[in-house]
Amino acid sequence: MSDVQNEKLNALRDIILDRADGQRSVLLREAKQEADAWTAQESEKLDRETDLVLQDARNRSEDIRRRQILTAERERSTETLRLQNRLLGEALGMLQDELVRLRDRDDYPQILAGLVLEGVAAAGQEGTYRVRLAAADAALGDQVVWMVKTERPGLELTFDPNPAPVLGGVWLASEDGRRQVNADWHQRAREMADELAERLMPLL
C-alpha cells in the first residue's frame, strides 16, 4: 500500500474517531441530563411521599391524643357520676333515717295524721279511705284516724291493721282500691332526691 493511501486511511480514521468522540460527548451529556432529570423527579416524588408520611403520622398522633383526652374525660365524668350517685344514695339513706327518728317525738301521731290529710288532698276525691301504718306504728292507728276525723269530720276513714311494708309514714287507699297514696319515708326521701342532688352538685 502506498504512502498516499496510508495517509488517506489515517485521515479517514481520524475523522471517524473525531466523530465518535463528538457523538460520545453528546451521548454522555444527554445521559447526564436524563440522569439529572430522573434524579430530580425521583427526589421530588420522595419529598412528596415523605410529606404524606409525616402528615399521616401527625394525623394519627393527633387522633390518638384526641381519643386519650376523650377517654380521660369520660373516665372523669364516669367517676364523678359514680361519686354523685354514691353521695346521693348516702344522703337519701341519712334523710330516711332522720324521718324514721321522728317516731321518738311526742307529736309523731300528729305528723302521721298530717300525712293522711295530705294524702286525701292528693287523691282529690271524697270517699272512704283506709289507712295503713308501719308495723312499729300500728298501736297509733286508731289515734291517727281519730285526729284526722276531728280535723275533717265528714271524711270516711278507717284504720287497716294490716301493716304496710314501710319503715314509717302512711299508706292511704280508697275503699275500692282504685286510688292509693304512698306517703311513707322511703317515698318522701325519693321525692327530695332532686333537691339533694342540686345541693350536692356544687360540692363535687
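This one's a predicted model, so the numbers in the text were calculated from it and none came from an experiment.

## Digging into the overall build of the protein chain
Check the secondary structure of the protein chain and you find five helices and four strands. In sequence order, the protein chain lays out its α and β elements as α-α-β-α-β-β-β-α-α. Burial analysis of the protein chain (204 residues in total) assigns 24% to the buried set. A total accessible area of about 14800 Å² is found for the protein chain, and carbon and sulfur atoms account for 54% of it.

## Overview of the side chain of Ser-174
Relative to the helices and strands, Ser-174 resides in strand β3 (residues 169-174). Overall, Ser-174 belongs to the buried group, its relative accessible area being 1%. With residues near it in sequence (within four places) discarded, Ser-174 still touches Thr-128, Tyr-129, Arg-130 and Arg-179.

## Regarding the confidence of the model for the protein chain
Across the protein chain, the average pLDDT comes to 79, with 75% of residues at 70 or higher. When pLDDT is averaged over each element of the protein chain, helix α3 (residues 141-151) comes out on top at 92 and helix α1 (residues 3-100) at the bottom at 72.

## Digging into the sheet that holds strand β1 (residues 128-133)
If you trace the four strands from one edge of the open sheet to the other, you get β2-β1-β3-β4, paired in mixed fashion. Each of the sheet's edge strands pairs with one partner strand only, and the pair in question is β2 (156-159) and β4 (180-184). This sheet shows a mean twist of 20° between the axes of neighbouring strands, independent of strand direction. Where β1 meets β2, four bridges bridge the pair, whose relative direction is parallel. Paired with Tyr-129 across the bridge in β2 is Leu-157. Where helix α2 (residues 108-123) meets the sheet, its contacts fall on β1, β2, β3 and β4, and the angle it forms with β3 comes to roughly 35°. Contacting β1 and β2, α3 runs over the sheet at an angle of about 170° to β2.

## Some points on the packing of α2 against α3
At a minimum axis distance of 9 Å, the contact between α2 and α3 shows a crossing angle of 55°. As far as their axial angle goes, α3 and α2 are oblique. In this structure, α2 crosses over α3, and the sense of that crossing is right-handed. Side by side, α2 and α3 meet where Pro-109, Gln-110, Leu-112, Ala-113, Val-116 and Leu-117 of the first sit next to Gln-143, Val-144, Met-147, Val-148 and Glu-151 of the second.

## Examining the side chain of Arg-132
Counting through the fold element by element, Arg-132 comes out in strand β1. Despite its burial, Arg-132 pairs with no opposite charge; the closest candidate is Asp-160, at 4.3 Å N-O. Only 2.8 Å separates the side chain of Arg-132 from the backbone oxygen of Pro-163, close enough to count as a polar contact. Beyond its immediate sequence surroundings of up to four residues, Arg-132 is in contact with Asp-160, Asn-162, Pro-163, Ala-164, Pro-165, Gly-169, Val-170 and Trp-171.

## Some words on the pattern of salt bridges
Counting across every chain of the model gives nine salt bridges. Two residues, Glu-175 and Arg-130, come together in a salt bridge whose shortest N-O distance is 3.9 Å. Here Arg-130 lies in strand β1 and Glu-175 lies in the loop between β3 and β4, a separation of 45 residues in the sequence. For Glu-175, a relative accessible area of 45% corresponds to the partly exposed category. Taken together, the shared-partner salt bridges in this structure form one network comprising Glu-118, Arg-188 and Glu-191.

Thresholds, definitions, all that
Residues numbered from 1 in each chain as written. Predicted model: local features only at pLDDT ≥ 70, side-chain atom pairs only at ≥ 80, totals over all residues. Heavy atoms only, no water. Helix = DSSP H or I, 4+ residues; strand = E, 2+ residues; numbered from the N terminus. Buried < 20%, exposed > 50% of the residue type's maximum accessible area, 1.4 Å probe, protein only. Areas by Shrake-Rupley, 256 points an atom, 1.4 Å probe, with all protein chains shown as cover. Contact = heavy atoms within 4.5 Å. pLDDT = per-residue confidence, 0-100. Pairing = 2+ DSSP bridges. Axes fitted to C-alpha atoms, helices over the stretch in contact; angles between N-to-C directions. Parallel < 35°, antiparallel > 145°, perpendicular 65-115°, else oblique. Left-handed = near helix turned anticlockwise from the far one by under 90°. Lys, Arg positive; Asp, Glu negative; His and termini not counted. Salt bridge = Lys/Arg side-chain N within 4 Å of Asp/Glu carboxyl O. Polar contact = N/O pair within 3.5 Å; in protein donor to acceptor, adjacent residues only side chain to side chain.

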